[in-house]
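A look at the structure
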Amino acid sequence: MDLYSEYNSNPRKVLICLGTRPELIKFAPMVRAIQERGASLVTVNTGQHTDLLLPLFELFGIKPQHNLESMLAGQSLNALGSRLLERLDPVLEAEKPDLVLVQGDTSSAVMGAIAAFNRRIPVGHLEAGLRSGNPLSPFPEEMNRRLVGQIAAHHFAATERNRRTLLDEGVADDSIHLVGNTVVDALRQTLKNTRPGKTVELMQQWAAGKRLVIVTTHRRENFGETMSLHLRALREFIESEPDLCMVFPVHPNPNVRAAVAAELEHHPRIRLTDPMGYCDFAHLLSHAWLIVSDSGGIQEEATALGKPMIVLRENTERPEAVECGVARLVGESPERLRDMLRTALVDEVWHASASRSRDVFGDGHSAERICDLLFGTASKSMMPHSLPLAA
Ligand code: UDP
């Protein structure tokens with residue numbers, strides 16, 4: 001039986017539920033595209049991230065109609081989940097959207113999907129079909145994705161692999177749409193329409209003539225010794241060649257701050273900064289010689305930009321970045337990180353081939369495609385099944 005046959009397929013009112021930095025970056029092109037269609041749009045900020053989000057709303061010119069302020073210090077995942085459900089429900093009741101859109105794998109995404117389902121509102125899932133294969137890693141994100149996958153009526157998959165994963169899980173073919181990832185839209189629009197701020201211009205002058213390594217790390221599974229040893233290896237690497245320099249926007253999490261303070265402070269060729277605004281960060285990324293990060297979104301951006309990347313993780317839900325030759329997975333071992341950093345320096349063939357931009361995660365037109373589908377201006381047969389599956 002088609003669970004969703006009762007749903008209205010052409011939404012007049014769309015509600016976007018978001019709450020973290022990557023969700024806002026990836027939803028920004030959707031907000032713009034939906035507004036361009038003249039459709040009614042309600043944006044809900046669950047407030048899962050606070051300080052990281054405010055400058056982003058400003059950058060993208062988005063004013064959420066509802067701010068749920070769901071975050072409390074030290075709150076458990078269950079406490080966060082129940083607050084989200086409790087605060088989302090009256091919004092759904094008041095707004096009565098025809099469709100709720102969620103993105104990725106956060107608590108905001110999964111609770112947004114459950115809240116909508118309980119009110120029999122169809123859910124569209126952006127970045128559907130990513131799987132690490134391990135229900136406990138990344139935790140709880142892998143399970144969040146799977147749960148949203150069970151609820152969604154529309155699955156917007158970024159790659160052919162994601163589409164096939166959903167098909168293998170029994171999701172109906174005609175509810176899966178291969179559209180690419182809106183992060184590529186966000187990245188391209190930001191690089192095209194903005195200029196970096198003064199701080200980044202000064203940073204670029206400081207890095208001129210040197211090889212710029214950009215580092216970010218904040219994933220729970222790296223906290224503690226693993227993170228400290230990774231950072232030590234990175235410092236030694238920067239010290240090993242006088243033309244290497246590093247910029248590291250440090251995540252506010254205290255575990256990250258402590259490791260960075262112990263391992264990376266007081267080096268003339270290492271700049272530690274607060275998390276950067278997306279405009280500044282995107283421009284800086286486009287000048288990187290090498291990226292070292294455990295971020296999911298940055299794997300997609302590195303691939304789109306053609307920036308060699310070392311991924312500080314054991315596994316990735318984005319194997320396309322590795323398969324297309326841009327990224328290498330390092331895992332926990334600091335020795336392996338040391339070897340990979342050295343290889344980036346001496347293996348010019350790898351560095352050159354990893355420095356080609358690839359459309360593996362999208363071509364910058366994903367939001368338009370999703371809107372074409374939602375508002376009935378595209379048919380399934382028009383979908384770009386030609387978006388490449390990584391070799
Ligand atoms: N990012 C940013 N400023 C920074 C570091 C990262 O704007 O200082 C952006 C980055 O370009 C990417 C997103 O934040 O689009 C990734 O967010 P995060 O690493 O928090 O989440 P993940 O992608 O791992 O879910």
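Residues numbered from 1 in each chain as written. Predicted model: local features only at pLDDT ≥ 70, side-chain atom pairs only at ≥ 80, totals over all residues. Heavy atoms only, no water.

1. Describing unusual backbone geometry
Leave glycine aside and you will find that most residues have negative phi; peptide bonds, for their part, are mostly trans. Quick reminder of the rule: By the criteria applied, helices consist of DSSP H or I runs no shorter than four residues and strands consist of E runs no shorter than two, each listed in order from the N terminus. Relative accessibility thresholds used throughout: buried, under 20% of the residue-type maximum; exposed, over 50%; partly exposed, between the two (1.4 Å probe, protein chains only).
For the bond from Ser-137 to Pro-138, the omega torsion is -5°, close enough to zero to count as cis. With an omega dihedral of 0°, the bond running from Phe-139 to Pro-140 counts as a cis peptide bond. For Pro-140, the position within the fold is in the loop between β5 (123-128) and α5 (141-151). For Arg-120, which is not glycine, the phi dihedral falls at a positive 55°. Examined against the element boundaries, Arg-120 turns out to sit in the loop between α4 (107-118) and β5. Here Glu-127, not a glycine, exhibits a phi torsion of approximately 65°, which is positive. Within the secondary structure, Glu-127 is located in strand β5. For Glu-127, a relative accessible area of 6% corresponds to the buried category.

2. Regarding the environment of Thr-226
Here Thr-226 lies in helix α9 (residues 225-240). Sequence separation between Thr-226 and Leu-312 is 86 residues, and the spatial gap between their C-alpha atoms is 9.7 Å.

3. Examining the packing of aromatic side chains
Condition: In this scheme Phe, Tyr and Trp rings, the latter by its six-membered ring, pair at centre separations within 6.5 Å, and the angle between planes marks the pair as stacked below 30 degrees, edge-to-face above 60, and tilted otherwise. Counting as a charge over the ring demands two things of the Lys NZ or Arg CZ atom: a distance within 6 Å of the ring centre and an angle within 35 degrees of the ring normal.
Summed over all chains, the structure comprises 1 aromatic pair. Aromatic pair Phe-60 and Tyr-278: ring centres 6.2 Å apart, planes at 45°, arrangement tilted. Taken together, the residues Phe-60 in helix α2 (residues 54-60) and Tyr-278 in helix α11 (residues 278-285) connect sequence positions 218 residues apart. Sitting over the face of the ring of Trp-206, Lys-210 holds its NZ or CZ atom 5.4 Å from the ring centroid. In this structure, Arg-328 is placed above the aromatic ring of Trp-350, and the distance from its NZ or CZ to the ring centre is 4.3 Å.

4. Brief notes about a nonpolar patch on the surface
Rules: Only residues above 30% relative accessible area that lack a salt bridge enter a patch, with like-charged residues linked at up to 9 Å and the nonpolar side chains Val, Leu, Ile, Met, Phe, Trp and Tyr linked at up to 5 Å. Working definition of accessibility: Shrake-Rupley area with a 1.4 Å probe, residue cover restricted to the visible protein chains. Any carboxyl oxygen of Asp or Glu within 4 Å of a side-chain nitrogen of Lys or Arg constitutes a salt bridge here.
Together, Leu-77, Leu-136 and Phe-139 make up a nonpolar patch on the protein surface, roughly 310 Å² of accessible area in all. Its place among the elements puts Phe-139 in the loop between β5 and α5.

5. Remarks on the side chain of Gln-48
With respect to the helices and strands, Gln-48 occurs in the loop between β2 (40-45) and α2. Residue Gln-48 is classed as buried on the basis of its relative accessible area of 15%.

6. Concerning the sheet that holds strand β13 (residues 327-329)
Note: strands within a sheet are paired through backbone hydrogen bonds, in either parallel or antiparallel orientation. Where we set the bar: Between any two strands, pairing holds if DSSP finds at least two bridges. Here the axes come from fitting lines to C-alpha atoms, over the contacting stretch only for helices, and the angles between their N-to-C directions go from 0 to 180 degrees. The contact definition used throughout considers only heavy atoms, calling two residues in contact when any of these lie within 4.5 Å.
Taken together, the 6 strands give an open sheet; going across it, the order is β10-β9-β8-β11-β12-β13, and neighbouring strands pair in parallel fashion. The sheet is open, and its two edges are formed by β10 (270-273) and β13, each paired on a single side. The average angle at which neighbouring strand axes cross in this sheet is 20°, direction not considered. Here strand β8 (residues 211-216) pairs with strand β11 (residues 290-293) via 4 bridges, running parallel. What sits directly across from Ile-214, in β11, is Ile-291. Contacting β8, β9 (244-249) and β11, α11 crosses the sheet at an angle of about 135° to β8. Sheet strands in contact with helix α14 (residues 334-346) are β8, β9, β11, β12 (309-311) and β13, and its direction is about 155° off that of β13.

7. Digging into the sheet that holds strand β3 (residues 66-67)
Read across the sheet, 7 strands follow the order β3-β2-β1-β4-β5-β6-β7 without closing on themselves; strand pairing throughout is parallel. In the strand order of this sheet, the two ends are held by β3 and β7 (176-178), each with one partner. Strand direction decides the pairing type here: strand β1 (residues 13-18) and strand β4 (residues 99-103), joined by 3 bridges, are parallel. Its bridge partner lying in β4, Leu-15 is registered against Val-100. On top of the sheet, α5 reaches β4, β5 and β6 (154-157); it is set at about 140° to β5, its chief contact.

8. A word on the environment of Arg-195
Note the threshold: Nitrogen and oxygen atoms within 3.5 Å of one another constitute a polar contact, given that in protein one can donate a hydrogen and the other can accept it, and given that sequence-neighbouring residues count only through two side-chain atoms.
Turning to its location among the elements, Arg-195 is positioned in the loop between α7 (182-193) and α8 (198-207). The spatial distance from the C-alpha of Arg-195 to the C-alpha of Ile-270 is 24 Å, given a sequence separation of 75 residues. Not counting residues within four places of it along the chain, the set of residues in contact with Arg-195 comprises Glu-201, Cys-279 and His-283. In terms of polar contacts, Arg-195 uses its side chain to reach the side chain of Glu-201, at 3.3 Å.

9. What about the site of the ligand?
For the record, the criterion: Any residue with a heavy atom lying within 4 Å of a molecule or strand is counted as near it. Ten residues, namely Ala, Val, Leu, Ile, Met, Phe, Trp, Tyr, Cys and Pro, are considered nonpolar, four, namely Asp, Glu, Lys and Arg, are considered charged, and the remaining ones, Gly among them, are considered polar.
Around the ligand sit 15 residues in total, of which Met-276, Ser-295, Gly-296, Gly-297 and Glu-301 are the nearest. Gly-297 is positioned with one of its backbone polar atoms (N or O) 2.6 Å from an oxygen atom of the ligand. For the ligand, whose unbound accessible area comes to 540 Å², protein coverage reaches 93%. Where the shell around the ligand is concerned, the elements lending two or more residues are α1 (21-36), α11 and α12 (296-305). Broken down by element, the shell around the ligand gets its largest block of residues, 4 residues, from α12. Across the shell around the ligand, the residue classes break down as 8 nonpolar, 4 polar and 3 charged.

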